[in-house]
2 protein chains.
Amino acid sequence: MDLKKKRVTIYDIARALNLTASTVSRSLNNNSRINEDTRKLVIAKAREMNYRANSLASNLRKGKSQTIGIVVPRINQNFFSNVIAGIESITNEKNYNLIICQSNESHEKEIKCVNTLINQHVDCIVISVSAEGDDYTHLQNVIDHQIQLIQFDRVVEKIESLKVTNNNEEASREAVEHLIASGYRRIALLAGPQNLDIFRDRKAGYLKALRANKITIADELILDADTNNEHDAELIRRLFALPNPPDAIFASRDDFLALGVLEAANDLNLKVPEQLGICGYSNERFTRITSPSITTIDQFGVDMGKTIAQTYFDELDGKDEETAVATKTISIKPKLIVRSSTQRGK
Amino acid sequence: MDLKKKRVTIYDIARALNLTASTVSRSLNNNSRINEDTRKLVIAKAREMNYRANSLASNLRKGKSQTIGIVVPRINQNFFSNVIAGIESITNEKNYNLIICQSNESHEKEIKCVNTLINQHVDCIVISVSAEGDDYTHLQNVIDHQIQLIQFDRVVEKIESLKVTNNNEEASREAVEHLIASGYRRIALLAGPQNLDIFRDRKAGYLKALRANKITIADELILDADTNNEHDAELIRRLFALPNPPDAIFASRDDFLALGVLEAANDLNLKVPEQLGICGYSNERFTRITSPSITTIDQFGVDMGKTIAQTYFDELDGKDEETAVATKTISIKPKLIVRSSTQRGK
DNA sequence: CTGAAAGCGCTTACAG
DNA sequence: CTGAAAGCGCTTACAG
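Each chain carries its own residue numbering, running from 1 in the written order of its sequence. Lettering for chains starts from A, numbering for ligands starts from 1, and both go in the order in which the items are written. It should be noted that, the model being predicted, local features are given only for residues of pLDDT at least 70 and side-chain atom pairs only at 80 or more, the latter also being counted only at that level, while totals for whole chains, interfaces and linings use all residues. Heavy atoms from the whole structure form the basis of all side-chain values; hydrogens and water molecules are not counted.

Caption draft 1: Local environment of the pairing of strand β3 (residues 124-127) of chain A. Residues and elements named next belong to chain A. Three exposure classes are used, based on accessible area relative to the maximum for each residue type with a 1.4 Å probe and protein chains only: buried under 20%, partly exposed in between, and exposed over 50%. Secondary structure elements are defined from DSSP: runs of H or I of at least 4 residues count as helices, runs of E of at least 2 residues count as strands, and each element is numbered from the N terminus. Across the two faces of β3 the burial is the same, with Cys124 and Val126 and Ile125 and Ile127 all buried. Two strands form a pair only when DSSP identifies at least two bridges running between them. Bridging between strand β1 (residues 67-72) and β3 involves 4 bridges; their strand directions are parallel. The residue bridging Ile70 from the neighbouring strand is Val126, located in β3. Sheet topology places β3 next to strand β4 (residues 148-152); 4 bridges connect them, and they run parallel. Bridge pairing in β4 places Cys124 opposite Gln148. Assignment of crossover handedness uses the view with strands pointing away from the viewer, where a clockwise path from the first strand over the helix to the second indicates a right-handed crossover. The parallel pair β3 and β4, bridged by helix α7 (residues 137-144), forms a crossover whose chirality is right-handed.

Caption draft 2: View of the environment of Asn213(B). Residues and elements named next belong to chain B. Here Asn213 lies in the loop between α9 (197-212) and β7 (222-224). Sequence separation between Asn213 and Leu196 is 17 residues; the distance between their C-alpha atoms is 27 Å. Once residues lying within four places of it in the same chain are set aside, the contact partners of Asn213 are Glu177 and Ile180. Of the polar contacts made by the side chain of Asn213, one reaches the backbone oxygen of Ala209; its length is 2.8 Å. Working rule for contacts: check all heavy atoms of both residues, and any pair within 4.5 Å makes them a contact. Side-chain atoms alone can form a polar contact between residues adjacent in sequence; in general such a contact is a pair of N or O atoms within 3.5 Å, and within protein one must be able to donate a hydrogen while the other accepts it.

Caption draft 3: View of the protein's contact with DNA strand D. Thr23(A), Arg26(A), Ser25(B), Arg26(B) and Arg61(B) are the nearest of the 26 residues found near DNA strand D. Whether a residue is near a molecule or strand is decided by its heavy atoms; if any one of them lies within 4 Å of it, the residue is near. The contact atoms of DNA strand D, taken as those within 4 Å of the protein, divide so that sugar and phosphate hold 59%. Arg61(A) is positioned with one of its side-chain polar atoms (N or O) 3.4 Å from a base nitrogen of DNA strand D. Listing elements by their share of the surface near DNA strand D, those giving two or more residues are α2 (21-28) and α4 (55-62) of chain A together with α1 (10-17), α2 (21-28) and α4 (55-62) of chain B. It is α4(B) that provides the largest number of residues to the surface near DNA strand D, a total of 4 residues. Following the grouping adopted for this structure description, the nonpolar residues are Ala, Val, Leu, Ile, Met, Phe, Trp, Tyr, Cys and Pro, the charged ones are Asp, Glu, Lys and Arg, and the polar ones are all others, Gly among them. In terms of residue class, the surface near DNA strand D is built from 7 nonpolar, 11 polar and 8 charged.

Caption draft 4: Inspection of the packing of aromatic side chains at higher detail. Working definition: rings of Phe, Tyr and Trp (its six-membered ring) pair if their centres are within 6.5 Å, and the pair is stacked with planes under 30 degrees apart, edge-to-face with planes over 60 apart, and tilted otherwise. For the structure shown, the criterion picks out 14 aromatic pairs over all chains. Ring plane angle 55° and centroid distance 6.3 Å describe the contact between Phe79(B) and Phe152(B), whose orientation is recorded as tilted. Placement of Phe79(B) in helix α5 (residues 78-93) and of Phe152(B) in strand β4 (residues 148-152) is noted, with a sequence separation of 73 residues between them. Accessibility assignment for this pair places Phe79(B) and Phe152(B) in one class, buried. Measuring from centroid to centroid gives 6.2 Å for Phe80(B) and Phe152(B), while their planes differ by 75°, and the two rings are edge-to-face. Of this pair, Phe80(B) sits in helix α5 while Phe152(B) sits in strand β4, placing them 72 residues apart in sequence. Grouping residues by exposure puts Phe80(B) and Phe152(B) together as buried. Here a set of aromatic residues connected by ring pairs shows up, and it is made of Phe79(A), Phe80(A) and Phe152(A). Of note, Lys94(A) hangs over the ring of Phe313(A), and the distance from its end group to the ring centre comes to 4.8 Å. Charges are assigned to positions over rings by a cutoff of 6 Å between ring centre and Lys NZ or Arg CZ, combined with an angular limit of 35 degrees from the ring normal.

Caption draft 5: Here's a closer look at the nonpolar core. Throughout, nonpolar core names a set of buried Ala, Val, Leu, Ile, Met, Phe, Trp, Tyr and Cys residues whose side chains join them through atoms within 4.5 Å. Core analysis: the largest hydrophobic core is formed by 54 residues, its most contacted members being Leu190(A) and Leu190(B). When near neighbours in sequence (up to four residues on either side) are disregarded, Leu190(B) contacts Leu223(B), Leu235(B), Ile236(B), Leu239(B), Ile249(B), Phe250(B), Ala251(B), Ser252(B), Arg253(B), Leu257(B) and Val261(B).

Caption draft 6: Here's a closer look at α7(A). Residues and elements named next belong to chain A. Among the residues making up α7, those that are buried are His138, Leu139, Asn141, Val142 and Ile143. In this structure, the buried side of α7 is in contact with α6 (107-119), β3 and β4. Note on α7: the residue one or two positions beyond its end, Gln146, has a positive phi of about 60°.

Caption draft 7: Just the interface of chain A and chain B, in detail. Contacts between chain A and chain B engage 52 residues on the former and 52 residues on the latter. Summed over both sides, the interface of chain A with chain B buries roughly 5100 Å², with 48% coming from carbon and sulfur. Buried area is a sum: the accessible area each of two parts loses on coming together, probed at 1.4 Å, counted once for each and added. Considering only the side of chain A, the residues that lose the most area to chain B are Arg7(A), Arg52(A) and Leu56(A), jointly responsible for 15% of the buried surface there. One side-chain nitrogen of Lys or Arg within 4 Å of one carboxyl oxygen of Asp or Glu is enough to make a salt bridge. For Lys109(B), the salt bridge goes to Glu88(A), with nearest N and O atoms at 3.2 Å. Here chain A is connected to chain B by 20 residue pairs in polar contact (both at pLDDT 80 or more). Those elements that provide at least two residues to the side of chain A that touches chain B are α4, α5 (78-93), β2 (97-102), α6, α7 and α11 (255-267) of chain A. Examining the composition of the side of chain A that touches chain B, we find that 6 residues originate from one element, α6(A), more than from any other. Considering only residue class, the side of chain A that touches chain B consists of 17 nonpolar, 23 polar and 12 charged.

Here is the structure:
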């Protein structure tokens, strides 16, 4: 047996069957006008010879890859893995491939991922940008290379593309309204990095709720977190060290931050929700099972993923030659999930 | 501006510079014997024209893709995402690309993923098989197509390939020894699907520990779980419904199962660890922060990922023409993490 | 150091 | 319904 055995190509099949590559190709792609017997013959032979199509070659020739590239900060965050699962559920049916990349919240790595995907000639790039960075020429580059760009969740407003977003402001407003309704009055905000729109929006929602209820906005109760969990403890400590500490904390960056708050409260022997209310963001799986369970906001990641994929295919089908790259924004409303960490007898 | 604008190729650059494609290609790949000035010229022009290499074309020509395909059951399980992160940390340096696929524990989907990767001409496929299924011709197929196969964690013994495994039996034995040392005597085992070696090994470790300590093995205390979390509750209920229920449960499939046990214990007002000891598997992030925190086993996913990638590159470098596809097994020892859920003043 | 030419494995107008 | 030929965008022996 050869060690340098080459893979079987359509020419090998053609030779074995006394046909041409054209006919083999047509048979394998079972379209066009091909004699049914010929087709069966070819397919049987291909199987027998353990033939595998070379996607590189066919994609090169066809000028498209039936592949969608996804770039997310982290694949193991509940929200992102849900979005990916949602996208997959649609692309599977359509026989599209997915290339998943994670930027690890690094702007540099994100650029690298995007460039690789451009080089791979993916048909579409779906991205939620990392927290770092403010230069987005790599996104513009996607568009310049005629690749459909779809931004989701963490979108860059100024880059025109398809966008699927959550209504973060509205969800946050609702969460804070709920805290107020539960009787909390000194509500702190642990916000996410303010260079991202979504975290600015969440802060806006918080402010809006306080104003609507005529609660004074205390600057010392508003702190911006970055995405590094290891810095969380310090921020939380700072809140509890205030002369007049908060009676509730809205950890609007994510549930991991809320978890840190819960741990800190335990260490300080603060009773949750009696002495401290806690609300997180993104409905991480563990929030249901901590003690007490944590009130949070569900972003419907799976639905969002489905919407993203569906939007792409709709765009593909309905594409009129007039439009260059499509731009449109679809907003999904997240849902407040009230659990024990914020429910007290007023 | 053209809507059907084509991408810039090396021919476009060559034309603009009055050179040939050969020279442009050589300059861009900055190897060979190229005049330094020519190279600079080409690179500058390429940047100016916003040129992007077409990986499809170059990979087709070179017959390799500098791409590694990964197939895991779920990308959002701590262990798997750690392994992926570990692999990435090495492949990043080497400028290799990663295509990540998830089988969602479906054997059918797994086969589809593997086939897609074969068609994409990846250089290597890294896989941890799904819980379903017992036909592994798709793995044999990888080898038959001269693609390096690396199995990890959930490996199929009979398929010869590189393998990176955890010593599951040893880790489980240690965990059960620890339970015994904490004074638990009726130790139940919630095992994973027994068609996978790793779960059989964990059961073997459990049995070994009991035997070594002369504790009677009670069949009614050993139940096999599948990978569907929704079935967990029923199994757990069955254990607690026994006339003589367990005083400790080793949820050897994973921490999510252990979490289910903890929830059930709470519902039944059983005190953990006093009345019930609980041990999980895989050191999921939440185990550190439940109340009580859960004793579990860390599999060093990141290290495992690094080992996998490193092994691949070693094999690549040291490859003598004599060896076909490399086969070798590397075993990593997991570590027991003792937390509150099993610590009682025996 | 640079060029001309072939070829990687496909698909698809163009003929017949 | 099938074939001959060109071409997708590269890389790389072979010359010079």
